[in-house]
Amino acid sequence: MSRDLGLFLCLNLPHAAHPWRPFYSSAAMLPTLSVKSNVAGLAARIGVEAKDIPKRTATALTWTAKEVRDGLRAEMKRVFERPNPYTLSSLYLKPATARDLTALVWFKDKHILSKQHYLEPQIFGGARVLKPFEERLRRIGLLTPGWYAVPGRAARFDAYGNMSRGQLVQILSQLRAIGLAGQGSDAQPTNSPRSRRNLKRAGQYFVGRPGNGRLPPGVYLRRKDTVLPVLIFVKGVLYQKRFDFYGVAERISQREFPLQFAKAAAQAAARKALNP
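Keep in mind the model is a prediction, meaning the values are calculated, not measured.

Of the two faces of strand β4 (residues 91-94), only one is covered, namely that formed by Leu-91 and Leu-93; the face formed by Tyr-92 and Lys-94 stays uncovered. As paired elements, β4 and strand β5 (residues 102-107) share four bridges and run antiparallel to each other. Each residue of the ladder has a partner; that of Leu-93, found in β5, is Val-105.

How two helices pack is summed up by the angle between their axes together with the distance between the axes. Across the interface, helix α2 (residues 53-79) lies against helix α8 (residues 245-274) with an axial gap of 7 Å and an inter-helix angle of 140°. Relative to α8, α2 is oriented oblique. The chirality of how α2 crosses α8 is right-handed. Looking at side-chain class alone, the contact of α2 with α8 contains 15 nonpolar, seven polar and five charged residues.

The predicted coordinates should not be examined in detail at positions where pLDDT is low. For the protein, mean pLDDT is 79; residues scoring 70 or higher make up 74% of the total. In the model, residues 1-6 has pLDDT below 50 throughout and makes 34 contacts with residues more than four positions away in sequence or in other chains.

Below, the discussion takes up unusual backbone geometry. Leaving glycine out, the prevailing phi sign among residues is negative, and the prevailing peptide bond configuration is trans. The phi angle at Arg-82 is positive, at roughly 50°, despite the residue not being glycine. Summarising the element assignment, Arg-82 is placed in the loop between α2 and α3 (85-88). For Asn-212, which is not glycine, the phi torsion reads 55° and is therefore positive. Among the structural elements, Asn-212 can be located in the loop between β8 (204-208) and β9 (218-223).

Before going further, it helps to examine the packing of aromatic side chains. Scanning all chains against the criterion turns up eight aromatic pairs. Aromatic pair Tyr-86 and Tyr-118: ring centres 6.1 Å apart, planes at 25°, arrangement stacked. Taken together, the residues span a long stretch of sequence, with Tyr-86 in helix α3 and Tyr-118 in the loop between β5 and α4 (120-124) at a distance of 32 residues. Pairing Phe-124 with Tyr-246 gives two aromatic rings, centres 6.4 Å apart and planes at 45°, and the pair type is tilted. In this pair, Phe-124 is assigned in helix α4 and Tyr-246 in helix α8, connecting sequence segments 122 residues apart. Pair check on accessibility: Phe-124 and Tyr-246 agree, each one buried.

Here is what the cut-offs are and how they apply
- Residues numbered from 1 in each chain as written.
- Predicted model: local features only at pLDDT ≥ 70, side-chain atom pairs only at ≥ 80, totals over all residues.
- Heavy atoms only, no water.
- Buried < 20%, exposed > 50% of the residue type's maximum accessible area, 1.4 Å probe, protein only.
- Helix = DSSP H or I, 4+ residues; strand = E, 2+ residues; numbered from the N terminus.
- Pairing = 2+ DSSP bridges.
- Axes fitted to C-alpha atoms, helices over the stretch in contact; angles between N-to-C directions.
- Parallel < 35°, antiparallel > 145°, perpendicular 65-115°, else oblique.
- Left-handed = near helix turned anticlockwise from the far one by under 90°.
- Nonpolar A, V, L, I, M, F, W, Y, C, P; charged D, E, K, R; others polar.
- pLDDT = per-residue confidence, 0-100.
- Contact = heavy atoms within 4.5 Å.
- Phe/Tyr/Trp six-rings, centres within 6.5 Å; stacked < 30°, edge-to-face > 60°.

Here's what the structure looks like:
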């Protein structure tokens, strides 16, 4: 079962015996970063009344989580080559409240019991889940279980370094997997003159091992007398850890929580002074 990527910024009371520090939960399914702080001492130093501590803490946790989210986005830009807007906007933030002193940072559309998020192998390392086009190829029996498809020499890429969606649609269309790709029956090739002209111009995609079996299995493009590799089928794709999700979050939360607590208290005091 995949590990969830949720990052919780929590406050555990009482804290008199604990200096401020983040720590990780030992829960196997839900890695948690919890903010432990001597909030009573911190509140006393800056003049926050005991009854106001939960509100100020909730605000500080939420603001800290925002800093964590921004820091994780900056880390994505640093470790990934040309991350696209979808990846950069993939983080979700749930604010803390005075009743629930927990702020949550995790990936959008990611449930604890759902399959792995596509960025998870970049955090933990290991194998990745199938990409949507790979699932289509597997469903029609063109991609063997346990195998993946990686770009070949004739693959086209978009501005963010991802394989061109248009080319993937062409491939799935010609291989009769387009209906599974959610493109609708209109994208299916036909035997009409127009389809034949388009096929001649674009070339023909096929799955096999050209060169009398000397070339690796994959999706190839036949254009006139030339055969070009577009997708190569490989057994297993393992990722190294690249995205230090929890390390970045820990450093930011350790730095920011006391600052954000003081900021929340100062803003509340200013409002109170204006409206005594």
